[in-house]
Amino acid sequence: MEIINKIMWLGGISVEDLMEEYGSPLYVYEDEIIRSQYRQLYESFSGITIQIHYAMKANPNPAILKVLLEEGAWIDAVSPMEAQLALDVGFPPEHILFTGNNIPLREIEYCLERKVSINIESLSLLEQYGQAYPGENVSIRINPGIGSGHHAHCITGGPKSKFGIYHDQLEQIHQILHKYNLVLTGIHSHIGTGILDPKPMLEALEMTVASASQFSNLQFIDIGGGFGIPYHPTQSPLKVEDLGQQISNSFQQFCEKYGKKLDLKIEPGRFLVGSSGTMLATVNNIKKTPEYHFIGIDSGFNHLLRPALYGAYHRICNASRMEGDEVPVIVAGNICETGDVFNHTPEGLVAQPLSSVQLGDRIAIMDVGAYGMAMSSQYNLRPRPAEVLVKQGRAHLIRKRETYDDLMRGFVMSNPE
Ligand code: LLP
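Just so we're clear, the structure is a prediction, and the values are computed from it rather than from any experiment.

Asks: I keep staring at the site of the ligand and nothing clicks. Help me out?
Replies: Close to the ligand lie 19 residues; H150, T193, E267, R306 and Y371 are nearest. The separation between an oxygen atom of the ligand and a polar side-chain atom of R306 is 2.6 Å. Calculation on the ligand without its partners gives an accessible area of 590 Å², and the protein chains cover 92% of this total. Two domains share the shell around the ligand, each providing at least three of its residues, namely domain 1 (2-28 + 274-408) and domain 2 (31-273).

Asks: Where do I start with helix α1 (residues 15-22) in this structure?
Replies: It helps to recall that an α-helix has 3.6 residues per turn; residues three or four apart then point in one direction. When α1 is considered as a whole, its buried residues turn out to be V15, L18, M19 and Y22. Burial along α1 is one-sided: seen end-on, the buried residues are contained in an arc of 90°. What points out from α1, more than 90 degrees from its buried face, is the exposed set E20 and E21. G23 lies just past α1 and shows a positive phi near 85°.

Asks: Any chance you could explain the packing of aromatic side chains here in plain terms?
Replies: Each aromatic ring pair is characterised by the separation of its centres together with the angle its planes make. Tallying each qualifying case throughout the model produces seven aromatic pairs. For the pair Y129 and Y133, a centre-to-centre distance of 5.1 Å together with 35° between the ring planes defines the contact as tilted. Among the aromatic residues, ring-to-ring pairing joins F251, F254 and Y258 into one connected group. Taking the ring centre of Y110 as reference, the NZ or CZ of R114 above it sits at 3.5 Å. Directly above the aromatic system of F220 lies the positively charged group of K265, at a separation of 4.9 Å from the ring centroid.

Asks: What is the right way to read the side chain of S320 from this model?
Replies: Considering the arrangement of structural elements, one finds S320 in the loop between β16 (316-318) and β17 (326-332). Judged by relative accessible area, which is 14%, S320 ranks as buried.

Asks: I would appreciate a short explanation of the pairing of strand β5 (residues 49-55) in the present structure.
Replies: Two faces, one strand: in a regular strand the side chains alternate between the faces of the sheet. Burial within β5 is extensive, with six of its seven residues counted as buried. Examined bridge by bridge, β5 and strand β6 (residues 74-77) share three bridges and lie parallel to one another. Among the inter-strand pairings, H53 is bridged to a residue of β6, identified as W74. Once the chain exits β5 it traverses helix α3 (residues 62-71) before rejoining the sheet at β6, and the crossover so formed is right-handed.

Asks: Just checking my understanding: could you explain the sheet that holds strand β1 (residues 2-4) for this structure?
Replies: The strands that make up a sheet pair up through hydrogen bonds in the backbone, lying either parallel or antiparallel. Strand order in the open sheet formed by three strands is β1-β2-β3, and the pairing between neighbours is antiparallel. Edge positions in the sheet fall to β1 and β3 (13-14), since each of these pairs with one other strand and no more. Bridging between strand β2 (residues 7-10) and β3 involves two bridges; their strand directions are antiparallel. Residue pairing in the sheet places W9 in a bridge with S14 of β3.

Asks: How should the domain arrangement of the chain be read in this particular structure?
Replies: Interfaces are frequently sized by the accessible area removed from exposure as the parts join. Once the domains are mapped, the chain shows domain 1 (2-28 + 274-408) and domain 2 (31-273). Put simply, the middle of domain 1 and the middle of domain 2, counted by C-alpha atoms, are 32 Å apart. Listed as interface residues are 21 residues of domain 1 and, on the opposing side, 27 residues of domain 2. Taken together, both faces of the contact between domain 1 and domain 2 bury some 2,000 Å²; the carbon and sulfur share is 57%. When residues of domain 1 are sorted by the area they lose upon contact with domain 2, Y310, Y313 and Y371 head the list and together hold 29% of the total. The interface formed by domain 1 and domain 2 contains zero salt bridges. For the side of domain 1 that touches domain 2, the secondary-structure elements that each account for two or more residues are α11 (306-310), β22 (386-391) and β23 (394-399). When its residues are assigned to classes, the side of domain 1 that touches domain 2 shows nine nonpolar, six polar and six charged.

Asks: Is there a simple way to explain unusual backbone geometry in this structure?
Replies: Trans is the prevailing form of peptide bonds, just as negative phi is the prevailing case for residues other than glycine. The step from S24 to P25 runs through a cis peptide bond, and the omega angle for that step is -5°. Structurally, P25 can be placed in the loop between α1 and β4 (26-30). Non-glycine residue N380 carries a positive phi angle of around 65°.

Asks: How should I be thinking about the environment of G157 in this particular structure?
Replies: Position of G157 among the secondary structure elements: in the loop between β9 (137-143) and β10 (165-166). With a relative accessible area of 7%, G157 lands in the buried category. Separated by 232 residues in the primary sequence, G157 and L389 have C-alpha atoms spaced 34 Å apart. Apart from residues no more than four positions distant in its own chain, G157 is found in contact with N143, I146, G147, H190 and I191.

Asks: Explanation requested: the pattern of salt bridges in the structure shown.
Replies: Scanning the model with the defined rule gives 13 salt bridges in all. Of the charged contacts in the structure, one is a salt bridge between K199 and E203, with a shortest N-O distance of 3.7 Å. Highlighted residues: K199 and E203, both in helix α8 (residues 198-212), separated by four residues, approximately one helical turn. Since its relative accessible area comes to 53%, K199 is described here as exposed. By relative accessible area, E203 is classed as partly exposed at 36%. Linking E402 and R384 is a salt bridge whose minimum nitrogen-to-oxygen distance equals 2.9 Å. Taken together, the positions of E402 in the loop between β23 and α12 (404-408) and R384 in the loop between β21 (362-366) and β22 put the pair 18 residues apart, joining distant regions of the chain. Just as E402 is buried, R384 falls in that class too. Among the charged side chains, a network of salt bridges with common partners joins D31, R35, R39, E70 and E71.

Thresholds applied
Per chain, residue numbering runs from 1 following the sequence as it is written. Thresholds applied to this predicted model are a pLDDT of at least 70 for local features of residues and 80 or more for the giving and counting of side-chain atom pairs; totals over whole chains, interfaces and linings are not thresholded and use all residues. To obtain the side-chain values, all non-hydrogen atoms of the structure were used and water was disregarded. Proximity is defined per residue: if any heavy atom of the residue lies within 4 Å of a molecule or strand, that residue is considered near it. The definition of a polar contact used here is a pair of N or O atoms within 3.5 Å, where within protein one atom must be able to donate a hydrogen and the other to accept one, and adjacent residues in sequence count solely through side-chain atom pairs. Only the protein chains shown count as cover for residues, and the accessible areas themselves come from Shrake-Rupley with a 1.4 Å probe. Throughout the structure description, domain borders are defined by an automatic or database domain assignment. Throughout, exposure labels follow a simple rule: accessible area from a 1.4 Å probe, protein chains only, divided by the maximum for the residue type, with under 20% read as buried, over 50% as exposed, and the rest as partly exposed. Working definition: helices are DSSP H or I runs of at least four residues, strands are E runs of at least two. Numbering for both runs from the N terminus. Arc, as used here, means the arc of the directions from the helix axis to the C-beta atoms. Pairing of aromatic rings covers Phe, Tyr and Trp, the last counted by its six-membered ring, and requires centre-to-centre distances within 6.5 Å; plane angles under 30 degrees mean stacked, over 60 mean edge-to-face, and any other angle means tilted. Sitting over a ring, as applied to charges here, requires NZ of Lys or CZ of Arg to be within 6 Å of the ring centre and within 35 degrees of the ring normal. When DSSP finds at least two bridges between two strands, those strands are taken to pair. Every crossover in which the path from the first strand over the helix to the second runs clockwise, viewed with the strands pointing away from the viewer, is termed right-handed. We call two residues in contact when some of their heavy atoms are within 4.5 Å. Summed over both partners, the accessible area (1.4 Å probe) lost when two parts come together is defined as the buried area. Just to be clear on terms, a salt bridge is a Lys or Arg side-chain nitrogen sitting within 4 Å of an Asp or Glu carboxyl oxygen. Gly is placed with the polar residues, together with every amino acid not listed as nonpolar (Ala, Val, Leu, Ile, Met, Phe, Trp, Tyr, Cys and Pro) or charged (Asp, Glu, Lys and Arg).

Next up, the structure:
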């Protein structure tokens, strides 16, 4: 992001030009940021074989997937359709690891028919897999007993989490492997998301390799995603260089003890794409109550759910006037719910300072590349925005704005008899 003549520019194009061309509201992604995040993460590991599986749930737009394919990423998929899209974009099936939660065996079958690798996260599914595919390879997700994350909904390890096979059930895993002659080739864990403290990630690695040491035919260990990004100016970025080095060292030591060089997999989503995305919207209304100064925009939690769902902070700017006197405001959407404001934080609603907003100004909500458009909806029958990827100073439409017809698709209009 740059400021030229007091206006926000993204990837070398002014916000005004972007909105004139593609309309409002609009999601804009900067290609260069995705690539540099990927490279920074990749280069932080050394002395080990690392595979970076992009957690495509963060942003499944095929154009974004292609950027990461070009960079050398592999894929973490959580549904058969995610896996299918990754295949369609050109990822080799063996570079896609499918980890579904609470899924039926037929989703595993779907992936195996397409040669996509699968990862199993419950004893009952492992049993069904054994019955259906005796003698085959398999990898499993364990719950290493600890979790971390930016919100309680986003902690995926520890005794309260629904994910994985709890790490004290290794004996049951052994029994099923033995019963069906299965070969355990990988151990996976993922403790949560939005983590800015390296400590829980390193602890989870230790717990995961402790479980891994109980199995003798492994080829890889996967420690999931969770690498956070700073959303608030007071948050410090994760020191990925240090974390990558520490993970590399611990992993190397484990491999020495294990007696074999294994591959290490990680599954970042947010870290790769989060800071690449900005949501732009237009000011339709300015309103005051005894409590708040509201700025009303042509978007809402239907387009960016994170603040309303998790109290997640996103920095907001007046992209049309990046300098000037600032007033604390609440930026509100056009959805018919009081919670449809973008200023939720873990501490409650906090007004953000914006420089003298006028009708028609463009508002930018920052760092929305991950779990932004991916979690959008058509609530209130408002179509989703268009998406644009900015690359080398040129904008490319990568998803069309939805229309009335898109909203109607699937409704059966004839009355029941
Ligand atoms: N691997 C697995 C198995 C996961 O469940 C996830 C995220 C990831 C990798 C990627 O995590 P990341 O590197 O992006 O932290 N909607 C929430 C985030 C939910 C993440 C779910 N799983 C949010 O907006 O914060």
